[in-house]
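Here are the chains, one letter per residue:
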Amino acid sequence: MNDSLSDNSSKATEILNRMFEAEMEFMRSDGSDFSGIKSAFHPGIVVHEPASLPYPGDWCGYEELGRLFKTMHNTWSSMNIENMLATLDGDTLFMGCTLVATARLSEKEVRLPFAQILKMKDNLVIEAFPYYFDTALIKAVLGYNQNMVKKT
């Protein structure tokens, strides 16, 4: 790997680690401490979750991002990533991995490819586009049929 690609990969991994740690710190505080979120996410953050998940739609700003994290925490008892690869190209970060998550209610595990495109501004994540390989499998593991929970 040339030095430029290695540097981009290292920077991308640093950003992702900061982002994941901010989410964990927020959850450990029961949603009361936004300092980690503010260190990783831009105030104009927008996360675009697929319509077929139990937390669909666009989640905008710190408050909604906090609600998204709480909803995900209430949905999954654990969420981990394995075999992460990432690179940064200008203001766009590309990452791919294997997502391993355990549903809180059914205790069933889902393991599937996951990718994400993150847009950066001022060294902070301003926009996130998560891509789940099989949302039908996720819905089945979570015990959902046709009607999904809507963002309120």
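Scroll up a little and you will see the structure.
Here's a quick rundown of the structure. Please read all numbers here as calculations on a predicted model, not as lab measurements. (Residues numbered from 1 in each chain as written. Predicted model: local features only at pLDDT ≥ 70, side-chain atom pairs only at ≥ 80, totals over all residues. Heavy atoms only, no water.)

Here helix α4 (residues 135-142) has its buried residues at T135, I138, V141 and L142. Relative to the axis of α4, the buried residues are bounded by an arc of 120° and lie together on one face. N-cap assignment for α4: the residue whose side-chain oxygen lies 3.2 Å from the backbone N of A136 is D134. Following α4 by one or two positions, G143 has its phi on the positive side, about 85°. (Buried < 20%, exposed > 50% of the residue type's maximum accessible area, 1.4 Å probe, protein only. Helix = DSSP H or I, 4+ residues; strand = E, 2+ residues; numbered from the N terminus. Arc of directions from axis to C-beta. Polar contact = N/O pair within 3.5 Å; in protein donor to acceptor, adjacent residues only side chain to side chain.)

The strand order across the open sheet formed by six strands is β2-β1-β6-β5-β4-β3, and the pairing between neighbours is mixed. In the strand order of this sheet, the two ends are held by β2 (57-60) and β3 (76-89), each with one partner. Recorded for the sheet is a direction-independent mean angle of 20° between the axes of neighbouring strands. When strand β1 (residues 41-49) meets β2, the two strands line up antiparallel, connected through four bridges. Bridge assignment links E49 to a residue of β2, and that residue is G57. Across the sheet, helix α3 (residues 61-75) is in contact with β1, β2, β3 and β4 (92-103); its angle to β1 comes to roughly 45°. (Pairing = 2+ DSSP bridges. Axes fitted to C-alpha atoms, helices over the stretch in contact; angles between N-to-C directions. Contact = heavy atoms within 4.5 Å.)

Moving on to the pattern of salt bridges. The tally for this structure, following the rule as stated, stands at five salt bridges. Between E109 and R111 there is a salt bridge whose closest N-O contact spans 3.9 Å. Look at the salt bridges and you will find they share partners, linking E82, E109 and R111 into a network. (Salt bridge = Lys/Arg side-chain N within 4 Å of Asp/Glu carboxyl O.)

Now for the packing of aromatic side chains. Considering all chains together, one arrives at four aromatic pairs under this definition. Their ring planes at 55° and their centres at 4.9 Å tell us that F114 and Y132 sit as a pair that is tilted. Pair noted here: F114 is in strand β5 (residues 109-121) and Y132 is in strand β6 (residues 124-132), with a separation of 18 residues, a long-range link. Assessed through its relative accessible area of 11%, F114 is described here as buried. Note on Y132: relative accessible area 12%, which makes it buried. Taken together, the aromatic side chains of F26, F34, F41 and F69 make up a single cluster linked through ring pairs. (Phe/Tyr/Trp six-rings, centres within 6.5 Å; stacked < 30°, edge-to-face > 60°.)

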